[in-house]
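Survey of secondary and tertiary structure
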Amino acid sequence: MGKVPATEAFGLAAKDESGVLSPFRFSRRETGEKDVRLKVLFCGICHTDVCMARNEWGFTTYPLVPGHEIVGVVTEVGAKVIKFKAGDKVGVGYMLSSCRSCDICTDDQENHCPKMIMTSGGKYYDDTMTYGGYSDHLVCEEDYIIRIPENLPLDAAAQLLCAGVTVYSPLKSHGLDKPGIHIGVVGLGGLGHVAVKFAKAMGTKVTVISSSDGKRDEAINRLGADLFLVSRDPEEMKDAMGTMDGIIDTVSATHPLLPLLGLLKYKGKLIMVGAPDKPLDLPALPLILGKKMLVGSMIGGIKESQEMVDFAGKHNITADIELISADYVNMAMERLEKGDVRYRFVIDVANTMKPTP
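Residues numbered from 1 in each chain as written. Predicted model: local features only at pLDDT ≥ 70, side-chain atom pairs only at ≥ 80, totals over all residues. Heavy atoms only, no water.

- Per an unreviewed UniProt entry, the protein chain is named Enoyl reductase (ER) domain-containing protein, and its organism is Brassica cretica.
- UniProt, in its Cofactor (unreviewed entry) section for the protein chain, records the words "Zn(2+)".
- Per UniProt, the protein chain carries the Subunit (unreviewed entry) text "Homodimer." (UniProt positions renumbered as here; feature names shortened; annotations may be inferred.)

See below:
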């Protein structure tokens, strides 16, 4: 197919630091020869969307159309696209492009490329802002599109493109994906519940670590965790010391790291995927004595993201979601800030996001 003129689009945008979203009309670029255009069917709401909409990290450019957990159907492909065709079910995650030439990109970790372009709130090569998935359609380079397995429901698969790969990547990268490995998951929220599902599907032993006992039944009887540990219970924590090969810490609130380091075995790894807005206290001695490691992880590259989605398709892994209409997004963001969701919000874009007259 040849190029088509730039197309009018509509969506929801934050216009200032209040973070309140309202209807927004804009234009998507024309379909380039290696581009894929897709109709957005569903888009997940990530805590990052809230932070960006309110400029909590200090680099938001307005207007901002959030959304990087995008699933939809291909409506048009460029002349040189070979991987996709109209009608394919696809997804787009946190990035639209990268340099493709640095050592990081050649290592299939485009998400860490210094020139990575964010799906929402980034700047594209033509110097235009990138607008995310809280919109009716999207244009993306072929190499940054993820194919969604036919057996996965699209609404519940959307969250895999961020939450899913965020927990899948560190499990795979750090050798914590093998039967017999003991994994701790800190926090049973949007990231944590998906981490439990992936870790169990990999054959590992999983302990959910929470500050209260309220989610014990949910963790064990519904999500399939093997054990539940209350981090504020000294006796439970003492009994679990030195038992875990790795811990995925999904908590974005300030919390102590020392008790978690004590749970690790020799050479154990504490992997941070949550992003607290204040510095955490890190004692050095527990790291030194046990040759333990504290590392960070952020989403995953395209190859890894496709591998993750394929694994999810094989094991029927999806996020637990609350499907909402577009006019409920601002309320959903308020609830998300309070942790009032089990476990992720997803916008029914195709059926409820309509342009205003």
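And the narrative resumes.
Things to note about the UniProt feature "domain: Enoyl reductase (ER)" (unreviewed entry) in the protein chain
- In the UniProt entry, the feature "domain: Enoyl reductase (ER)" (unreviewed entry) is given for residues 19-347.
- Split by type, residues 19-347 is 26% helix and 26% strand. Its first and last C-alpha atoms lie 17 Å apart. (Helix = DSSP H or I, 4+ residues; strand = E, 2+ residues; numbered from the N terminus.)

A few points about the pattern of salt bridges
- Here the structure, examined in full by the defined rule, presents 27 salt bridges.
- Residue E141 is joined to R100 by a salt bridge in which the shortest nitrogen-to-oxygen separation is 2.5 Å. Pair noted here: E141 is in strand 8 (residues 137-141) and R100 is in the loop between strand 6 (95-97) and helix 2 (103-106), with a separation of 41 residues, a long-range link.
- A relative accessible area of 9% means that E141 is categorised as buried.
- On the basis of relative accessible area, R100 is assigned to the partly exposed category, the value being 40%. (Salt bridge = Lys/Arg side-chain N within 4 Å of Asp/Glu carboxyl O. Buried < 20%, exposed > 50% of the residue type's maximum accessible area, 1.4 Å probe, protein only.)

Points about the packing of helix 4 (residues 163-173) against helix 5 (residues 190-201)
- Between helix 4 and helix 5, the shortest axis-to-axis distance is 9 Å and the interhelical angle comes to 50 degrees. Between helix 4 and helix 5, the crossing angle belongs to the class labelled oblique. Relative to helix 5, helix 4 is oriented so that their crossing is right-handed. Every residue of helix 5 that contacts helix 4 at A163, G164, T166, V167, Y168 and L171 is listed here: G190, L191, V194, A195, F198 and A199.
- Counted by class, the contact of helix 4 with helix 5 contains nine nonpolar, three polar and no charged residues. (Axes fitted to C-alpha atoms, helices over the stretch in contact; angles between N-to-C directions. Parallel < 35°, antiparallel > 145°, perpendicular 65-115°, else oblique. Left-handed = near helix turned anticlockwise from the far one by under 90°. Contact = heavy atoms within 4.5 Å. Nonpolar A, V, L, I, M, F, W, Y, C, P; charged D, E, K, R; others polar.)

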